Amino acid sequence: MNNQETMQPILVDEHHGMPGSFFPARIMDPSEVQHATLGRPSAVQAWTNGKWYVCGDVRSKLFEMLNAEHRDASAVRLTAFNSPAGGSYAVLSHQILGLAHRFLLPLYEPKVEELLLGLQRAELSMLFGNEGKDDAVLLHCPLSALAFAPLLAMTTPLPKETLHDVIAELPMVISAVNQPKQVPSLRRGEFVTDVSVSVVMPSRALTRFFSEKRGG
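Here goes a summary of the coordinates provided. (Residues numbered from 1 in each chain as written. Predicted model: local features only at pLDDT ≥ 70, side-chain atom pairs only at ≥ 80, totals over all residues. Heavy atoms only, no water.)

**So, the pattern of salt bridges**
Working step 1: Applying the stated rule across the entire model yields five salt bridges.
Working step 2: Across the pair Glu32 and Lys111 runs a salt bridge, and its minimum N-O distance is 3.5 Å. You can see Glu32 sitting in helix 1 (residues 30-36) and its partner Lys111 sitting in helix 4 (residues 110-118), a full 79 residues away along the chain.
Working step 3: Between Lys111 and Glu114 there is a salt bridge whose closest N-O contact spans 4.0 Å. Linking Lys111 with Glu114, this pair stays in helix 4, spanning three residues, or about one helical turn.
Working step 4: Three or more residues joined by partner-sharing salt bridges are found here, namely Asp29, Glu32, Lys111 and Glu114. (Salt bridge = Lys/Arg side-chain N within 4 Å of Asp/Glu carboxyl O. Helix = DSSP H or I, 4+ residues; strand = E, 2+ residues; numbered from the N terminus.)

Structure follows, in structure tokens:
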């Protein structure tokens, strides 16, 4: 079951500290994917050719389901929100039964904007790692280019006056997205009981933040 793109606000509550299921995520453009699959079987190269990828880890229990027959039962939803400090984010959610994974994408990060522009003419797939282990599973994203297009209007770089607050708020944003009820269940009659979050870190904003701190 696949849910088409849904745009709705997400509230950031006063959660403190980083969630235990936080994993770093990575965006790979088609050229990076092509380089990474050199020497791999031709079937893998054919399946990945020309696609963008978002890559991140999930908990082992969900990984086992994604890697088995349950993968066809994965529900997908795209949401977006503005944080209280002024940061714009997208969340690409996957759910099987009560197990959920959420990619957190800072829309003020240039690599995320490149991804959204690329998806207007190419497909998106996901690479899920097994909670820090070496194995991985590749899945196609069923959402169309039309689902991602509205996010381009939210890809404004952070102004200097809000940069510090948005970066300081980031741990709370991650923690909020990690809360089971923060994104409505993607499956009718199922409650989310376990969440893992993979975050594309806003490296450009972080570089600006630390450069300004050093300059001050």
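Having seen it, we continue.
**Observations concerning the pairing of strand 3 (residues 52-58)**
Working step 1: Across the seven residues of strand 3, seven count as buried, placing the element largely inside the fold.
Working step 2: Of the two faces of strand 3, the one holding Trp52, Val54, Gly56 and Val58 and the one holding Tyr53, Cys55 and Asp57 are both buried throughout.
Working step 3: Pairing analysis gives seven bridges linking strand 3 to strand 7 (residues 124-130), with the strands arranged parallel. Looking across to strand 7, one finds that Cys55 is bridged to Leu127. (Buried < 20%, exposed > 50% of the residue type's maximum accessible area, 1.4 Å probe, protein only. Pairing = 2+ DSSP bridges.)

**Details of the pairing of strand 6 (residues 99-106)**
Working step 1: For strand 6, a buried count of eight out of eight residues is recorded, marking the element as mostly surrounded by other parts of the structure.
Working step 2: Residues of strand 6 alternate between two faces, with Leu99, His101, Phe103 and Leu105 on one and Ala100, Arg102, Leu104 and Pro106 on the opposite face, all of them buried.
Working step 3: When strand 5 (residues 88-96) meets strand 6, the two strands line up antiparallel, connected through eight bridges. Bridging from a neighbouring strand, Leu92 pairs with Phe103 of strand 6.
Working step 4: Between strand 5 and strand 6, which pair antiparallel in sequence order, lie two residues; one of them, Leu97, sits at a positive phi of approximately 55°.
Working step 5: Here strand 6 runs beside strand 9 (residues 194-199); their pairing, made up of six bridges, is parallel. Looking across to strand 9, one finds that Leu104 is bridged to Val199.

**Some words on the environment of Val91**
Working step 1: Counting through the fold element by element, Val91 comes out in strand 5.
Working step 2: Residue classification places Val91 among the buried residues on the basis of a relative accessible area of 0%.

**Focus: the side chain of Gln95**
Working step 1: Inspection of the secondary structure assignment puts Gln95 in strand 5.
Working step 2: Engagement of the side chain of Gln95 in a polar contact is seen with the side chain of Ser185, the distance being 3.0 Å. (Polar contact = N/O pair within 3.5 Å; in protein donor to acceptor, adjacent residues only side chain to side chain.)

**Quick look at the sheet that holds strand 3**
Working step 1: Read across the sheet, four strands follow the order 2-3-7-8 without closing on themselves; strand pairing throughout is mixed. Every other strand in the sheet has two partners, leaving strand 2 (26-28) and strand 8 (136-140) as the edge strands with one partner each. In this sheet, neighbouring strand axes are inclined to one another by 25° on average, regardless of whether the strands run parallel or antiparallel.
Working step 2: Sheet analysis places strand 7 next to strand 8, joined by five bridges and oriented antiparallel. Along strand 8, the bridge assignment pairs Leu127 with Leu138.
Working step 3: Those strands touched by helix 4 are strand 2, strand 3 and strand 7, and its axis lies near 125° from that of strand 3. (Axes fitted to C-alpha atoms, helices over the stretch in contact; angles between N-to-C directions. Contact = heavy atoms within 4.5 Å.)

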